[in-house]
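Close look at the chain arrangement
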Amino acid sequence: MTALTEQMASKKRLPAVVDFLSKWGTILTIFVLLIFFSATMPSFRTSSNMVTIMRSIAIVTVIATGITVSLTVDGFDLSVGSVATFAVALVMSFFVWYGWGTILAIVVALVVSLVVAAVNAFLIVKLRIFDLLATLATMFIFEGVAMTYTGGGSISEGMPRLDGTPTFGKIPAEFRLIGQSPYIIVIMLVIVALVHVFLTYTKHGRYLYIVGGNREAARLSGIPVNRYRTLAYFLSALLAATGGIILAARIGSAQINSGAGYLMPAVAAAFIGYSVAGIKKPNAVGTLVGAILVGLLENGLIMMSVPYYSLNIIKGLVLAIALAITYYRKHD
Amino acid sequence: MQPKHKLEMKGISIEFPGVKALSQADFAVESGEIHALVGANGAGKSTLMKILGGAYGHYQGEIYFDGQKVDIRHPQDAKRLGIDVVYQEVDTALIPYLTVAENIMLDVMANEMQGKHFIRWGQLHRRAREVMKQVGIQLDTSTLVENLTLAQKQLVLIARALATNTNFLVLDEPTAPLSQTETEELFRLMRDLVANQNIGIVFISHRLPEIFEICETITILRDGRVVADTTIETLTQQRLIELMLGHRFDETYPKMPVPIGETIFQVEELWEEQGRVRDVSLTVRAGEIVGVTGLVGAGKTELCKTLFGAYPIRSGQVRLHGKPLKITSPHAAVNQGVTLVPEERRKEGILVDEPVYVNLTLPSLDTFTRGVDFVDTRAERETARQLIRELGIRTPSENQKVAFLSGGNQQKVAVGKWLITDAEIYIFDEPTKGVDVGAKHDIFELIGQLAKRGKGIIYASSEIPEILGISDRIYVMYDYTIVKEFDTADATEEDILFYSAGGK
Ligand SMILES: Nc1ncnc2c1ncn2[C@@H]1O[C@H](COP(=O)(O)OP(=O)(O)OP(=O)(O)O)[C@@H](O)[C@H]1O
Ligand SMILES: [Mg+2]
């Protein structure tokens, strides 16, 4: 009898530990990594390094909030990387080819990037293609569109266009500021806060989650389901394009597929965010925490001189673990 | 003569966060008998049977099989003893995109295929057909389960249970979605199983006349405790309800006298796109409760859904206060003052992963917003608490996930969320399915209050006594159209049945 009760007690305790870890594991891991990197590498401790990490995750975070919004409706936007690339190409062309001012260039680039959202929404909502596959298609389409538009993928100051036309436009200094700290960090935090408030405290955020939870029940509750799914894809494209603009400001030129590399860490961040604090839903703050974890890992590993070509192994593993935690929790 | 088996549960207690679902419950059933398990919503019936089926491992208490102590902690433990449970939510136990044969043989494939790797399709279908013959279902074994009616799914689950060696069969509210004929069919099967196959059956239902019709012994649960364990002859229905609810209860319909006004809702020659509604015309007056009845499959649900925009309208007119409505989607319907409480709560009515309050305020969320669409959660919770009280929803708080409520309490949430919307026309599709007698009464009362406020109500149900009890006027449906209209005062159950069955 005592053996049995003991056995039962231990059975009970074990899930509690698992439960705790799946809630707070991410934050715990961040601290463990911080301590580990600081202990092994004295250079890591300097405050400028923390700033470096925050700065380096800004773009990933913003793009990841886009994915997060698409996840709320039980969708998945794989095209965010291409949207970012596209936005970079657009905004650079406006500066370098046409000499536009900062505000005009940013606004037009953001608006034009929403074309991707429109195509996504059309494929997913109207033609009823599975989200992942539809956005896989648009991912390729708009990668190609960006390349074609730029004539090979890159634009930088003074570089002539593909047909040989010389260019005279300059990248405004105030635009470059966007990509520097503290502005880049502030922008990131403001965006995370806005998305968080939108998802958590507004009617629309509530509806997005409901649509993701049970589409038929949402529809029969009088929610315009298709409108909200469309909204989700527009928001995710808008956020991804914003990430692209920040990226453009950071590197000061358009490069071939410059946004593509952000897809994977952004997906990882969004999925790690699911389980942070036991929310078990895609959420903006969790996504930020996820991005910090991914960024910290990447930074620390680079400083430990792990070669960049091996980094993907680690990043991929982190993604696998994040997915494991998310989906494992879903099934109990 | 096969040996009789006896299954006993002793001192069973189980807790969930914030809820003591069972305390010291005793329960026993023998082969060859049909044993009723009754109690109000949330009394712990399903939980007790889930323990028996091995779905929960964390209970206290003991289980004996033929006097021998057994440890049931996992579904396999129960299967080994020949205990099969057909759970309340049939849909969750079936795999919709597999065939009838595969679904029936699922347990066999899962448990008897050790060491074998190839499926022998011919044999699979043959064995499935044998079991089906025993159960009396006539179906092509290669039909996909998603195309079956609820009644057929129910039978497929019973067939699955019987495909493996079965000593005890638990049926948790099997008759809730069934029509009268289908129920009769099921009862015939149950009687055959106890008489000829030496199986013991546990039967759960909120339809008390059924209990008296088919069961010999009964256990009554109240708030997780056993309050009676006896033979059915010693009880009257009145006494049973008292034991179940813990107080005297007058089982009459609370029909309030409401002055009936002008016609407010008119439907003319309505056709649904795929002919699931055929040439239906009806009217509803202010303060009037209009019953829509007919057998399961007569097209009541289809009519409700079409009026609500969930199915596309091919032709016809729908007018509210004389103004033609454009019902292109449920969203449009709600905006124009038409609401529907849908029939299949799990799929259509509730969000199981959301807390109770989110479910309750969902259709009326607009009235809980401030400023730029910010949700006022305080007001929202306040309203939710009030509804929980009014409907007697059994939940530790408004923050509980709906998945953790009992079936009947989930139904109350599915109904409750529409009662606070501000609409003109309320359509209810089988709103009392799986709800206990006390709660039924509460729901009728709330519907009565809507009528009193001058709303128009369409109440679709195949429970004729209910329709007779609360409606002012009745439409009878057959084959997707309305075949007869009655003033409730002039209607009898026989008349309604006659027209329901296609009589002219
Ligand atoms: N997994 C769970 N987590 C938390 N609470 C639960 C869980 N399962 C059941 N409960 C609670 O236990 C109580 C008993 O539930 P149960 O489903 O057994 O009721 P029931 O008698 O079958 O009711 P109904 O007639 O409505 O189906 C309810 O209050 C329910 O909310
Ligand atoms: Mg139940």
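Scroll up to find the structure this text is about.
This report concerns the structure included in the present document. Each residue is numbered by its place in its chain's sequence as written, counting from 1. Chain letters start at A and ligand numbers start at 1, both assigned in the order the entries are written. Selection of residues for local features in this predicted model requires a pLDDT of at least 70, selection of side-chain atom pairs for listing and counting requires 80 or more, and totals for whole chains, interfaces and linings are taken over all residues. With hydrogens and water stripped out, all remaining heavy atoms of the structure feed into the side-chain values.

1. With respect to the overall build of chain B
Of the regular secondary structure elements, chain B holds 19 helices and 22 strands. Only C-alpha atoms enter the radius of gyration; for comparison, a globular chain is expected to reach 2.2 Å times N to the power 0.38, where N is the number of residues. Computed over the C-alpha atoms, the radius of gyration of chain B is 24 Å, within 12% of the 23 Å expected from 2.2 N^0.38 for a compact globule of 504 residues. Projected onto the principal axes, the alpha-carbon positions of chain B cover approximately 70 × 50 × 50 Å. Per-residue burial for chain B yields a buried fraction of 57% across its 504 residues. Contacts spanning at least 24 positions in sequence make up 67% of the contacts within chain B whose residues lie at least 6 apart. Per-residue and other accessible areas were derived by the Shrake-Rupley procedure at a 1.4 Å probe size, with only the shown protein chains allowed to occlude residues. Just so you have it, chain B exposes about 21,100 Å², and 48% of that area is on carbon and sulfur atoms. The charge count treats Lys and Arg as positive and Asp and Glu as negative. His and the chain ends do not count. A charged residue contributes its charge at one atom only: NZ of Lys, CZ of Arg, CG of Asp or CD of Glu. Counting 55 positive and 70 negative side-chain charges, chain B places the averaged centre of each group 4 Å from the other. Numbering goes from the N terminus for both helices and strands, where a helix is a DSSP run of H or I of at least four residues and a strand is a run of E of at least two. The cut-offs for exposure are 20% and 50% of the maximum accessible area for each residue type, with area from a 1.4 Å probe on protein chains only; residues under the lower value are buried, those over the upper are exposed, and the others partly exposed. Whether two residues are in contact is decided by their heavy atoms: any pair within 4.5 Å suffices.

2. Quick word on the sheet that holds strand E15 (residues 323–324) of chain B
Residue and element names in this part refer to chain B. When DSSP finds at least two bridges between two strands, those strands are taken to pair. Overall, antiparallel pairing links the 4 strands, which are arranged E12-E11-E14-E15 in an open sheet. In the strand order of this sheet, the two ends are held by strand E12 (280–285) and E15, each with one partner. Note that strand E11 (residues 263–272) and strand E14 (residues 313–320) share 6 bridges and pair antiparallel. Within E14, the residue paired with Val267 across the bridge is Val318. Relative to the sheet, helix H11 (residues 300–307) contacts E11, E12 and E14, its axis offset from that of E11 by approximately 110 degrees. A fitted line through C-alpha atoms represents every axis, and for helices the fit uses only the stretch in contact; the resulting angles, taken between N-to-C directions, go from 0 to 180 degrees.

3. Notes on the sheet that holds strand E5 (residues 68–70) of chain B
Residue and element names in this part refer to chain B. Here we have 4 strands laid out as an open sheet, ordered E2-E1-E4-E5, and antiparallel in their pairing. Across the chains shown, the open sheet's two edge strands, defined by having one partner strand only, are strand E2 (19–30) and E5. Averaged over all adjacent pairs, the angle separating strand axes in this sheet is 25 degrees, with direction ignored. Of the strand pairs in this sheet, strand E1 (residues 6–16) and E2 are connected by 8 bridges, and their pairing is antiparallel. In the sheet register, Ile12 faces E2, and the bridge partner there is Ala25. Across the sheet, helix H1 (residues 45–52) is in contact with E1, E2 and strand E4 (60–65); its angle to E1 comes to roughly 115 degrees.

Nothing here speaks to function; it is geometry throughout.
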